[in-house]
Amino acid sequence: MKILMMVPGFLILCGIALFWGRLLRVRYGEGVFLAVSTVILILFLSGKAGSFAYGQTALLALGIVGLLWNLVAEIKGRSIGHAWNIPVFWILTLILLYGVAAFWHAPLQHIDEFHLWGLAVRYMEKQNRLVDWTAVGIGGQYYAASFFQLFFQKLTGYSEQGMYAASFLMVWIGLLLPWSFSDQKEWKPVFLYSLILFVSLYSLYLYPYKSLYTDLPTAAWAGGLAGWWMNRRNPRRKQEYAVLGSGLLTLVFLKSYVGILMVLLVVLFLISERVIRHNHFEQKRCRVQFYLGEVVLLVLAITGAGGLILVICRGHIPGIFPSSVRNLIGVSEPSVQKAVRVLGALGNAFFGKKAGAATRLDVYPFVFILLLMAMIAVCGWLTGKMHAAMVRTSYLILNTALFLLFLAASYICLFNYEEAVIVRGIKRYFSILMIYDLMIVLTLWFSAGESATEERGETLLLSRVTTRRRIVQAGALGLLLFFSWGINDKFLSSATAFNDYQISGSEDITEANAEVRRVSKAVQGERVYFLNQRTDNEYPQNIAFYHLGRQSSNYLSDPWRFTENGCEIRIQEYDTPKLENLPQILAEGNYQYIWLYAADEYLAENLETVFAMNVTPDQVSDGQLYKVRYENGVVAGLDLVRQMNQSAVPVLRNTDGKTSAGDEIGTVGQRAPESSRNSGSAGMEPAEDEDADEAA
């Protein structure tokens, strides 16, 4: 029940929000937005100082001060507006309670969470210091969102459910920022806006609810800033620049490289809104200058990026890049052939790859952008502000083009060839743009029901605010029904902890989590080498790495599967090292055990050719732990010390239930390894190319 400590944690967060509200005279939605950035900054500085206890204490004190300050001020009649009885507060409260209840005991379920995002939170919670990516054994990433999850982990203790709940709460703090100005009288549009976004996430993102991936926070915070700026009711308040600045800075560190891109897109949006607000578009000369400026910017971006990519493809890496980027470029081996294939695959994905996974809706990026443009045009018609609609439509075209250009450059220069030519992970990246644009258009749509209509060119029908509200509400309900159509029998497993058997790889997640506890207890801190001869998913090796860390072999850099042609490292096959090189690998890494999670016929038949063993080939099965025997520092053999998967059967068995030696194998209560090691349960499509690592 420690998960319930998230409730007082949320109260502390609200206290920090009220502190900023009193200090800067900002509203609650803006204050809680600032509070998240405050939590991230203070915990980061605390980690730099050597212990997160300093930061937690400071945040607790700040939250209490904020709560008391607001209480005393309210008693004295110094109100800053409704601090609690507003739609944003109550919806965030519901989101928190939803995460606590709906994600009850939900384990981590996605590949990158095991070796990156969840690993970062677990490392900081257990080690009480900032992540040392070198010590962990993987390439570093920006992980600002992990500090927000850590804030709650320090209250609840280690909790994978708590990570999901905190991540979901952070997403919604960004999603609701545009409605910071709404009071209790405006709960209907805010509630309907929230409902549309909640349902739409199922069709627009692969992991819409239980996820530690930073795609959703990045999209939500960028879209939140853009929608909030557009929806302001008292522009040019100095306090708002504090919200904008902290939001943009936090956005940079939410997701490596993509965060910077989203900051650029938000800044371009602010410029376009400035053009609208100052009515520059009323003059033909200004319209021509605006469109010409967009065209010039796009041409410069394309030619500049294209020229830079061509130089890199010819083997010259400019010194302007930091060393980490130069290293990635060097490893990814860009080439003209690679660039051509990436551009083709990217175009195919943009026009023909749907965003969601389990949804029954086929939402394609290109068609979705067209839908949003149509909604902008309708908003212009409703309000009589067609010039503003034209500016916003041109912005959507520009940000889509820049986003595609960024993706193309990233795949060509930062991803290895195998991942780049299939644009691995493209669904998640497109989702960032689609959710960002949807937030802007939804905010504009609901605002159209309240805004004043331009007198020039308006009709009697559209001049009536009540009529416009009805049209806006009808359109919003239509959009809600559209996205609701995507909900199907897999919605519960995606949005809650129920029906987890429908999650791709659920059996492997359960089995690997159970085995890793037994392995950890058996090896008593000594190093263990992980082997998994099945290639249908990556969950087992990720779970081993997540729980054992450097105590285990690292599947990102060490062979985790051996074949007659070589081995597999990460998701690529190599000619070397081969199985006969395994004794040397074990000795060099001082490994004392081998954890054979899943065996196959090749390994069963060939292990005894490399090691002296206390079992025969027809006794090799899944879920076995072997002790490595050393003689004079050289690997002499393997001894089976524990059978951890009691349901496993030897892989070298005949169809009549006998091993190759003729011994009967009891099958009561047992299942074949094909059943226990599949990539998902019956009825589930195998995991697509979306569980990619964040970078090559």
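Each value, and the rule that gives it
- Residues numbered from 1 in each chain as written.
- Predicted model: local features only at pLDDT ≥ 70, side-chain atom pairs only at ≥ 80, totals over all residues.
- Heavy atoms only, no water.
- Helix = DSSP H or I, 4+ residues; strand = E, 2+ residues; numbered from the N terminus.
- Buried < 20%, exposed > 50% of the residue type's maximum accessible area, 1.4 Å probe, protein only.
- Contact = heavy atoms within 4.5 Å.
- pLDDT = per-residue confidence, 0-100.
- Polar contact = N/O pair within 3.5 Å; in protein donor to acceptor, adjacent residues only side chain to side chain.
- Pairing = 2+ DSSP bridges.
- Salt bridge = Lys/Arg side-chain N within 4 Å of Asp/Glu carboxyl O.
- Axes fitted to C-alpha atoms, helices over the stretch in contact; angles between N-to-C directions.
- Parallel < 35°, antiparallel > 145°, perpendicular 65-115°, else oblique.
- Nonpolar A, V, L, I, M, F, W, Y, C, P; charged D, E, K, R; others polar.
- Expected span 1.5 Å × (residues − 1).
- Bend = angle between axes of the 7 residues up to and from the residue.
- Core = buried A, V, L, I, M, F, W, Y, C linked by side-chain atoms within 4.5 Å.
- Disulfide = S-S within 2.5 Å.
- Left-handed = near helix turned anticlockwise from the far one by under 90°.
- Phe/Tyr/Trp six-rings, centres within 6.5 Å; stacked < 30°, edge-to-face > 60°.

A word on the overall build of the chain
Assigned secondary structure in the chain consists of 26 helices and 8 strands. Burial statistics for the chain: of 696 residues in total, 58% are counted as buried. By sequence separation, contacts in the chain at least 24 residues apart represent 74% of the contacts at least 6 residues apart.

Section: the confidence of the model for the chain
When pLDDT is low, close inspection of the predicted coordinates is not appropriate. Predicted confidence across the chain gives a mean pLDDT of 87, with 90% of residues reaching 70 or more. Within the model, pLDDT remains below 50 along residues 453-462, and this stretch shows 17 contacts once partners closer than five positions in the same chain are excluded. Long-range and interchain partners of residues 654-696, a stretch whose pLDDT sits below 50, account for 120 contacts in this model, where long-range means more than four residues apart.

Digging into the environment of Tyr-546
Mapped onto the elements of the fold, Tyr-546 is located in helix 23 (residues 539-548). Taking the C-alpha atoms as reference points, Tyr-546 and Val-516, 30 residues apart in sequence, are found 9.8 Å from one another. Within polar-contact distance, the side chain of Tyr-546 engages the side chain of Tyr-158 at 2.5 Å.

Structural notes on the sheet that holds strand 8 (residues 634-643)
An order of 1-5-7-8-6 is seen for the 5 strands of this open sheet, with the pairing classed as mixed. Lying at the two open borders of the sheet, with one neighbouring strand each, are strand 1 (528-532) and strand 6 (612-613). Where strand 5 (residues 593-598) lies against strand 7 (residues 624-631), 4 bridges are found, and the strand directions are antiparallel. Within the sheet, the bridge partner assigned to Ile-594 lies in strand 7 and is Tyr-626.

Some details on the side chain of Thr-218
Among the structural elements, Thr-218 can be located in helix 10 (residues 215-230). On the basis of relative accessibility, which here comes to 0%, the residue Thr-218 falls in the buried class. Not counting the four nearest positions on each side in its chain, Thr-218 is found in contact with Leu-251, Leu-254, Lys-255, Val-258 and Met-262.

Concerning the pattern of salt bridges
In the structure shown here, the tally under the stated rule is 16 salt bridges. Lys-627 is the salt-bridge partner of Glu-526, the closest N and O atoms lying 3.7 Å from each other. Note that Glu-526 is positioned in the loop between helix 22 (506-523) and strand 1 and Lys-627 in strand 7, a separation of 101 residues in sequence. Overall, the relative accessible area of 22% leaves Lys-627 in the partly exposed class. Across the salt bridge formed by Arg-561 and Glu-573, the nearest N and O atoms sit 3.8 Å from each other. Residue Arg-561 is located in strand 2 (residues 561-563), and its partner Glu-573 is located in strand 4 (residues 572-574); the two are separated by 12 residues in the primary sequence. Overall, Arg-561 belongs to the buried group, its relative accessible area being 14%. Through salt bridges that share partners, Glu-419, Arg-424, Glu-538 and Arg-570 make up one connected network.

Focus: the sheet that holds strand 2
Pairing is antiparallel across the open sheet formed by 3 strands, whose spatial order is 2-3-4. Two strands close off the open sheet at either side, each with one partner strand: strand 2 and strand 4. Adjacent strand axes in the sheet meet at a mean angle of 30° when their direction is disregarded. In the sheet, strand 3 (residues 566-569) pairs with strand 4 via 3 bridges, with the strands oriented antiparallel. Of the residues in strand 4, the one forming a bridge with Ile-569 is Gln-572.

Overview of the environment of Val-441
Among the secondary structure elements, Val-441 is positioned in helix 19 (residues 426-448). Sequence spacing of Val-441 and Met-373 is 68 residues, and the spatial spacing of their C-alpha atoms is 8.5 Å.

What to know about the packing of helix 11 (residues 238-252) against helix 12 (residues 258-277)
The geometry of helix 11 relative to helix 12 is characterised by a closest axis approach of 7 Å and an angle of 150° between their N-to-C directions. With respect to their mutual orientation, helix 11 and helix 12 come out roughly antiparallel. The segment helix 11 lies against helix 12, with Leu-244, Leu-248, Leu-251 and Val-252 engaging Gly-259, Ile-260, Met-262, Val-263, Val-266 and Leu-270. Across the contact of helix 11 with helix 12, the residue classes break down as 9 nonpolar, 1 polar and no charged.

A few points about helix 5 (residues 111-127)
With 17 residues, helix 5 should reach 24 Å at 1.5 Å per residue; the first-to-last C-alpha distance of 22 Å fits that figure. Along helix 5, the sharpest kink reaches roughly 55°, centred on Leu-119.

Describing helix 2 (residues 28-49)
Here helix 2 contains 22 residues, and its C-alpha end-to-end distance of 31 Å stays within 8% of the 32 Å for a straight helix at 1.5 Å per residue. A large share of helix 2 lies buried, amounting to 16 of its 22 residues. A positive phi of about 115° marks Gly-50, the residue just after helix 2.

A few points about the pairing of strand 3
In terms of strand pairing, strand 2 meets strand 3 through 3 bridges, oriented antiparallel. What sits directly across from Thr-563, in strand 3, is Gly-566. Taken together, strand 2 and the strand that follows it, strand 3, pair antiparallel across an intervening segment of 2 residues. Counting the residues in the hairpin turn of strand 3 and strand 4 gives 2 residues, including Arg-570, whose phi is positive at 55°.

Some remarks on the nonpolar core
Here is a general trend for soluble globular proteins: nonpolar side chains tend to be buried in one another's company. One finds Tyr-28, Leu-92, Leu-169, Trp-172, Tyr-436 and Trp-595 to be the most contacted residues of the largest nonpolar core, which totals 196 residues. It is helix 19 that contributes the most residues to this core, 17 residues altogether. Formed by 27 residues, the second largest nonpolar core is a distinct cluster that contains Phe-562, Leu-603, Leu-607 and Val-615.

Some words on the state of the cysteines
By definition, a disulfide links the sulfur atoms of two cysteine residues through a covalent bond. Applying the stated criterion across every chain, the model contains 0 disulfides. Of all cysteine sulfurs in the structure, the one in Cys-413 sits closest to Cys-313, which takes part in no disulfide; the separation is 6.1 Å.

A few points about the packing of helix 16 (residues 365-383) against helix 17 (residues 386-414)
At a minimum axis separation of 8 Å, helix 16 and helix 17 run at an interaxial angle of 165°. One finds that helix 16 runs roughly antiparallel with respect to helix 17. Here the hand of the crossing between helix 16 and helix 17 comes out right-handed. Along its contact with helix 16, which presents Ile-369, Leu-372, Met-373, Ile-376, Ala-377, Gly-380 and Trp-381, the element helix 17 presents Met-386, Ala-389, Arg-392, Thr-393, Leu-396, Ile-397 and Thr-400.

Overview of unusual backbone geometry
Omega for the bond connecting Thr-576 with Pro-577 falls within 30 degrees of zero, at 0°, which places this linkage in the cis form. With a phi angle near 40°, Val-423 is a residue other than glycine that sits in the positive phi range. Along the chain, Val-423 turns up in the loop between helix 18 (417-420) and helix 19. One non-glycine residue, Gln-524, adopts positive backbone phi at about 55°. Structurally, the position occupied by Gln-524 is in the loop between helix 22 and strand 1. On the basis of relative accessibility, which here comes to 64%, the residue Gln-524 falls in the exposed class.

Focus: the packing of aromatic side chains
All chains considered together, the criterion is met by 46 aromatic pairs. Seen from their ring centres, Phe-269 and Tyr-395 are 5.3 Å apart, and the 65° between their planes marks the pair as edge-to-face. Of this pair, Phe-269 sits in helix 12 while Tyr-395 sits in helix 17; the two residues are 126 residues apart in sequence, bridging distant segments of the chain. Summarising the aromatic geometry, the rings of Tyr-411 and Tyr-429 are spaced 6.4 Å apart at their centres and angled 85° between planes, so their arrangement reads as edge-to-face. Separated by 18 residues along the polypeptide, Tyr-411 in helix 17 and Tyr-429 in helix 19 bring together distant segments of the chain. Taken together, Tyr-98, Phe-103, Tyr-164, Phe-168, Trp-172, Phe-198, Tyr-202, Tyr-209 and Phe-491 form an aromatic cluster joined through their ring pairs.

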